[in-house]
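Letter by letter, the chains look like this.
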Amino acid sequence: MKLTLAEKASLTSGSGTWHTTAVRDVVPALTLSDGPHGIRRQGGGSSGDALGLRDSVPATCFPPAVALGSSWDPALARRVGAALAAEAVALGVDVVLGPGVNIKRSPLCGRNFEYFSEDPHLTGVMGAAVVTGIQSLGVGACVKHFAVNNQETDRMRVSADVDERTLREIYLPAFEHIVREAGPYAVMCAYNRVNGVHASQHRWLLTEVLRGEWGFDGVVMSDWGAVNDRVAALEAGLDLEMPPTGTDEEIEAAVRSGRLPESVLDVAVERLLRLADRVRTRPRPAHQGAAGPDAAGPDAAGSDAAGSDAAGPDAAGPDAAGWEVAAHHELAREAARASAVLLKNDGVLPLAPGLRVAVLGEQARSPRYQGHGSSHVVPTRLDSALDALRTAMDVTFAPGYRLDGEPDPDLEREAVETAAAADVAVVFLGLPDAAESEGYDRTHLDLPTTQVALLRQVAAAGPKVVVVLSNGGVVSVAGWQEHASAVLEGWLLGQAGGAALADLLLGTHSPSGRLTETIPLRLEDVPCHLHFPGSDGHVLYGEGRYVGYRHHDTLGTEVAYPFGHGLTYSSFAYSGLEVRETGTNEWLVEFTVTNTGERAAQEVAQLYVAFEEERPTRPRHTLRGFAKVGLEPGASERVRLPLTGRDLAQWSVERGGWRIDPGAFVVEVGASSRDLRLRAEVSTPGDGHVAELTPMSTLGEWLAHPVGGRVLKERLGGAPGLAEVDPALMGLALGIPLIKFRTFGLGLTAQAVADLVATVRAESLTSTS
């Protein structure tokens, strides 16, 4: 079919808030939906909420990425992705706008609940698993937000100013891994600028790196409202503007005037047609349910559903919804169980039968289970921890505080009295809804003062205290955790989180989540503290590659809880580390994990690559592999994790590529970045690259060069006196570019240096030919 210029231009922008543009009866309009942790399919009301944030069709609210990432379980993430796809199919959704895989640079980022980790390897593996799951049913996944989208402050304008090595090693690898391993159908560009250029019109990002280097063949779409110049964005590699701004004529005019080659437009159209082909070949259910593709037009606004967030357990059965509602709820419960992190436990957990238990805190009854903004899902049902605990045992309850943070002495007094009559007080604390959301960042890490005051009084009343946290971003524990015998970090656990927390508190299941981000002692200890969130339209990534544990572990700073930490109701031993070379710069790391406790539990074994330097030139160690292992008491399993040269590499700005230096490195295996049980020193020959010498190469670089050192010494008559030079003077000389010695009377004229460079180049070429 031959498209007109106008039709081609129309395809590069949506037809409404959630739909692409159809052309005649050949190119269908695709339906897009927010969906990092649930399908937010807009309803058909008329509240004026064009984005449908308050009125979407009920769908399973799975644990957001802050929790799912803490499971360290790619197989589970893949299953959640497949469930999202099943619901997308039932609701007539073609592309799910997720997952979000930006790095948690600062714990203050208001959108951290949508992201997996401070570590790019873990983020990439978990993100690829979700994408694979979503696309297993032919639904497209749209990975976001590309790139360097790590704050909400001034998010539509701020320039993330970051050096190339940091980009390559921290902020791009998760996207690269997902593109190469999972082949997402779409990528969403970020709002922000990257080194001064808007991501939506950043040719280096969208075309040279994403497509040219990584081989991405899908659609690049804008975040909603991220396009500033339609023509410049299209030229840079952006295929689809969402939602439409009614500026298609700008594209037509640019083509007619010659400013925009029509071939550029044709390539974008080809990608959009490929996306349509990919999603329309999947099986379509005969019954789409009430929320099928015709339930709401492209620009339908939602009604105000604020009165009831959850649709109730019977609102949608399998027949009405188009998927197994109960089965998906159970999957959400399983994912929530796997994601909560037991930070501290003196033995009070799991709760023993016969104890008098007081449940305190309004969040036990009114759970906070997801963040606010574009990812907000109306759940099919909603479990509270209080209801789940009451089903299993006799408990007393007192709300203790108001969710709006206002002091209420009567509520506090009632809670303290209830605690005084109990053996154990399980206190539910957490951030209120307004504390973290898309659109703005937090300003501190503290829990509400009313909650901390309640905790102190409850502890003073005498019972053992268990704290259960609900929060989408890290909170400080330094000011209150001494009052608690156990701390269970519940994050935001989705619609089944209440029942999952009860499972863990009662010991039906052992906690198995691990921290995907460091919990600092103070906000001031965060590596980017002096730079975040920037000013005057710029935020400097001055901490470079030293993000999260890379900073803390390199400097040895004290933290509240380290990256990778998490307790279970059992214990594990590590033994038998072997590192076998399987090829050039390829190894297989093997070790045994044994459950040495008395309960079945899961361990997350973590593999780090370390570099021991007197003066650090790179992070001391980085996560390069992990495995979640479930074991019965006394059982063992041999874990095998691959290691490649890329795992050792640093980005070389000079080369414009990855560099593997020859020498020794250390393989570390353990239960967190600071609980390392096994170590083995390994060596690599490097990548064989020999740097090209120039007149501006230093004396030290010349002497270390396999050809240049010999040639230079021959030119200097063997340089017999180098060994006798005063070490301080030699240290000074080694850092001087060779051309500068022309003024020091060594006979190294400009011509002599040029001749040396030519000789080295010729001999190097001969030796490699």
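Residue positions are given per chain, counting from 1 as you read along its sequence in written order. Confidence filtering applies because this is a predicted model: local features only for residues at pLDDT of at least 70, side-chain atom pairs given and counted only at 80 or more, and all residues used for totals across whole chains, interfaces and linings. Hydrogens are left out, water is left out, and the side-chain values use all remaining heavy atoms of the structure.

Labelled according to an unreviewed UniProt entry, the chain appears under the name Beta-glucosidase, originating from Nonomuraea gerenzanensis.

Draft legend 1. Spotlight on the overall build of the chain. Each helix is a run of DSSP H or I of at least 4 residues and each strand a run of E of at least 2, with the numbering of both proceeding from the N terminus. Across its full length, the chain holds 22 helices and 24 strands. Taking the principal axes of the C-alpha coordinates as reference, the chain spans close to 90 × 70 × 50 Å. Within the chain, the fraction of its 769 residues that count as buried is 60%. In this analysis, two residues are considered to be in contact whenever any of their non-hydrogen atoms come within 4.5 Å of each other. Counting contacts in the chain only where the partners sit at least 6 residues apart, residues at least 24 apart contribute 76% of the total. Values of accessible area rely on a 1.4 Å probe in the Shrake-Rupley scheme; residue burial ignores everything except the protein chains shown. Of the accessible surface of the chain, which amounts to about 28800 Å², a share of 52% is contributed by carbon and sulfur atoms. In the chain, 67 side chains carry a positive charge and 97 a negative one; their mean positions are 3 Å apart. Partly exposed describes any residue whose relative accessible area lies between the buried limit of under 20% and the exposed limit of over 50%, with all areas from a 1.4 Å probe on protein chains only and scaled to the type maximum. In summary, the charge assignment counts Lys and Arg as positive and Asp and Glu as negative, without counting His or the chain termini. By convention, charge coordinates are those of NZ in Lys, CZ in Arg, CG in Asp, or CD in Glu.

Draft legend 2. Spatial organisation of the packing of aromatic side chains. A pair of Phe, Tyr and Trp rings is counted when the ring centres sit within 6.5 Å of each other, with Trp represented by its six-membered ring. The angle between the planes then sorts it: under 30 degrees is stacked, over 60 is edge-to-face, the rest tilted. Applying the stated rule across the entire model yields 11 aromatic pairs. Ring geometry for Tyr171 against Tyr541: centres 5.2 Å apart, planes inclined by 85 degrees, an arrangement best described as edge-to-face. Of this pair, Tyr171 sits in helix 5 (residues 164-171) while Tyr541 sits in the loop between strand 15 (538-540) and helix 18 (549-555), placing them 370 residues apart in sequence. Considered together, Tyr171 and Tyr541 belong to a single accessibility category, that of buried residues. An angle of 20 degrees between the planes, with centres 4.4 Å apart, marks the rings of Tyr549 and Phe563 as stacked. With a gap of 14 residues between them, Tyr549 in helix 18 and Phe563 in the loop between helix 18 and strand 16 (572-583) connect regions that are remote in the sequence. Neither Tyr549 nor Phe563 differs from the other in exposure class; each is buried. Here the aromatic cluster, defined as three or more aromatic residues joined through ring pairs, consists of Trp72, Tyr549, Phe563, Tyr608 and Phe626. Both a distance and an angle decide whether a charge sits over a ring: NZ of Lys or CZ of Arg must be within 6 Å of the ring centre and within 35 degrees of the ring normal. Between Arg618 and the ring centre of Phe611, over which it is positioned, the NZ or CZ distance is 3.6 Å.

Draft legend 3. Expanded view of the domain arrangement of the chain. Domain assignment breaks the chain into domain 1 (5-280), domain 2 (327-556), domain 3 (572-684) and domain 4 (699-767). Domain delimitation follows an automatic or database domain assignment. Inter-centroid distance (C-alpha atoms) of domain 3 to domain 4 is 40 Å.

Draft legend 4. Representation of the sheet that holds strand 15 within the structure. Strand pairing is assigned whenever DSSP detects at least two bridges linking the two strands. With mixed pairing, the 4 strands of this open sheet are ordered in space as 7-6-4-15. Pairing within the sheet leaves two strands with one partner each, and these edge strands are strand 7 (197-198) and strand 15. Alignment of strand 4 (residues 159-161) against strand 6 (residues 193-194), held across 2 bridges, turns out to be parallel. Bridge pairing links Ala160 to Val194 in strand 6.

Draft legend 5. Representation of the environment of Val559 within the structure. Position of Val559 relative to the elements: it lies in the loop between helix 18 and strand 16. Judged by its relative accessible area of 12%, Val559 falls in the buried class. For the pair Val559 and Thr518, spaced 41 residues apart in sequence, the C-alpha to C-alpha distance is 7.5 Å. Once residues within four sequence positions are removed from consideration, Val559 is found in contact with Thr518, Ile519, Leu521, His552 and Arg674.

Draft legend 6. The arrangement of the packing of helix 3 (residues 74-90) against helix 12 (residues 325-339) in detail. Between helix 3 and helix 12, the shortest axis-to-axis distance is 11 Å and the interhelical angle comes to 150 degrees. Comparing the axis directions of helix 3 and helix 12 gives the class roughly antiparallel. For helix 3 against helix 12, the interelement crossing comes out left-handed. Where helix 3 abuts helix 12, its residues Leu76, Arg79, Val80, Ala83, Ala86 and Glu87 lie against His328, Leu331, Glu334, Ala335 and Ala338. Each residue receives one of three labels: charged for Asp, Glu, Lys and Arg, nonpolar for Ala, Val, Leu, Ile, Met, Phe, Trp, Tyr, Cys and Pro, and polar for the others, Gly being one of them. Residues that form the contact of helix 3 with helix 12 fall into these classes: 7 nonpolar, 1 polar and 3 charged. The angle between two axes is taken between their N-to-C directions and runs from 0 to 180 degrees, where each axis is a line fitted to C-alpha atoms and a helix contributes only its stretch in contact. Roughly parallel means an angle under 35 degrees; roughly antiparallel means over 145; roughly perpendicular covers 65 to 115; every other angle is labelled oblique. Crossings are assigned a handedness: left-handed for a near helix turned anticlockwise from the far helix by less than a right angle, right-handed for a clockwise turn.

Draft legend 7. Expanded view of the layout of surface pockets. A pocket here means an open set of points on a 1 Å grid, computed over the protein atoms alone, that has protein on both sides within 12 Å along at least five of seven lines. A cavity is instead a set of points where a 1.4 Å probe fits but cannot get out; residues with an atom within 4 Å of a point line either one. Grid points are joined across faces, edges and corners, and a volume is the space filled by probe spheres set on the points. When its volume is computed, the largest pocket comes out at roughly 730 Å³. Residue lining of the largest pocket: 30 residues in total, with His121, His177, Arg624, Arg646 and Asp647 positioned closest to the centre. Broken down by secondary-structure element, the contributors of at least two residues to the lining of the largest pocket are helix 4 (120-135), helix 5, helix 6 (173-182), strand 19 (621-631) and strand 20 (636-644). Per-class residue counts for the lining of the largest pocket are 13 nonpolar, 7 polar and 10 charged. Looking at the lining of the largest pocket, you find at least three residues from each of domain 1 (5-280) and domain 3 (572-684).

Draft legend 8. A look at the environment of Leu703. As for its placement among the helices and strands, Leu703 is situated in helix 19 (residues 699-704). A relative accessible area of 23% means that Leu703 is categorised as partly exposed. Along the backbone, Leu703 and Lys713 are 10 residues apart, and their C-alpha atoms lie at a distance of 8.1 Å.

Draft legend 9. Molecular detail of the side chain of Arg40. Within the secondary structure, Arg40 is located in the loop between strand 1 (32-34) and helix 2 (65-68). For Arg40, a relative accessible area of 2% corresponds to the buried category. The definition of a polar contact used here is a pair of N or O atoms within 3.5 Å, where within protein one atom must be able to donate a hydrogen and the other to accept one, and adjacent residues in sequence count solely through side-chain atom pairs. At a separation of 2.4 Å, a polar atom in the side chain of Arg40 contacts the side chain of Asp34.

Draft legend 10. A look at the pairing of strand 13 (residues 464-470). For strand 13, a buried count of 6 out of 7 residues is recorded, marking the element as mostly surrounded by other parts of the structure. Taken together, strand 12 (residues 424-430), helix 16 (residues 449-460) and strand 13 constitute a β-α-β crossover, and its handedness is right-handed. As paired strands, strand 13 and strand 14 (residues 486-489) are joined by 4 bridges and run parallel to one another. Bridged to Val468 within strand 14 is Leu488. Look down the strands so they point away from you; if going from the first strand over the helix to the second traces a clockwise path, that crossover is right-handed.

Draft legend 11. Structural view of the pattern of salt bridges. Each reported salt bridge corresponds to a side-chain nitrogen of Lys or Arg within 4 Å of a carboxyl oxygen of Asp or Glu. Throughout the structure, instances matching the rule amount to 55 salt bridges. Between Asp229 and Arg259 there is a salt bridge whose closest N-O contact spans 3.7 Å. Placement of Asp229 in the loop between strand 8 (219-221) and helix 8 (230-236) and of Arg259 in the loop between helix 9 (248-257) and helix 10 (262-280) is noted, with a sequence separation of 30 residues between them. Note that Arg580 is salt-bridged to Glu590, the shortest N-O span being 2.9 Å.

Draft legend 12. A look at the UniProt feature "domain: Fibronectin type III-like" (unreviewed entry) in the chain. Feature annotation in UniProt assigns "domain: Fibronectin type III-like" (unreviewed entry) to the following positions: residues 603-673. Between the C-alpha atoms that bound residues 603-673 the distance is 14 Å, and the span itself is 0% helix and 62% strand. UniProt positions are given in the numbering used here, feature names are shortened, and annotations may be inferred rather than shown by experiment.

Draft legend 13. Spatial organisation of the nonpolar core. Residue types Ala, Val, Leu, Ile, Met, Phe, Trp, Tyr and Cys, when buried and joined through side-chain atoms within 4.5 Å, form a set referred to as a nonpolar core. Counting 115 residues, the largest nonpolar core has Leu97, Phe146, Val148, Tyr171, Met221 and Trp224 as the members making the most contacts within it. Per-element tally for this core: the top contributor is helix 3, with 9 residues. Excluding residues that lie within four positions of it along the chain, Phe146 makes contacts with Leu172, Phe175, Val187, Met188, Cys189, Ala190, Ala199, Leu205, Leu206, Leu210 and Trp214. If you look at the next biggest cluster of nonpolar residues, it comprises 68 residues, including Leu349, Leu447, Leu488 and Trp491.

Draft legend 14. Structural view of the side chain of Lys104. Mapped onto the elements of the fold, Lys104 is located in the loop between strand 2 (95-97) and helix 4. Separated by 3.4 Å, the side chain of Lys104 and the backbone oxygen of Asn112 make a polar contact. Reaching out from Lys104, the side chain makes a polar contact with the side chain of Glu517 at a distance of 2.9 Å. Excluding anything up to four places from it in sequence, Lys104 contacts Val66, Asn112, Tyr115, Phe116, Ser117, Glu118, Thr516, Glu517 and Val547.

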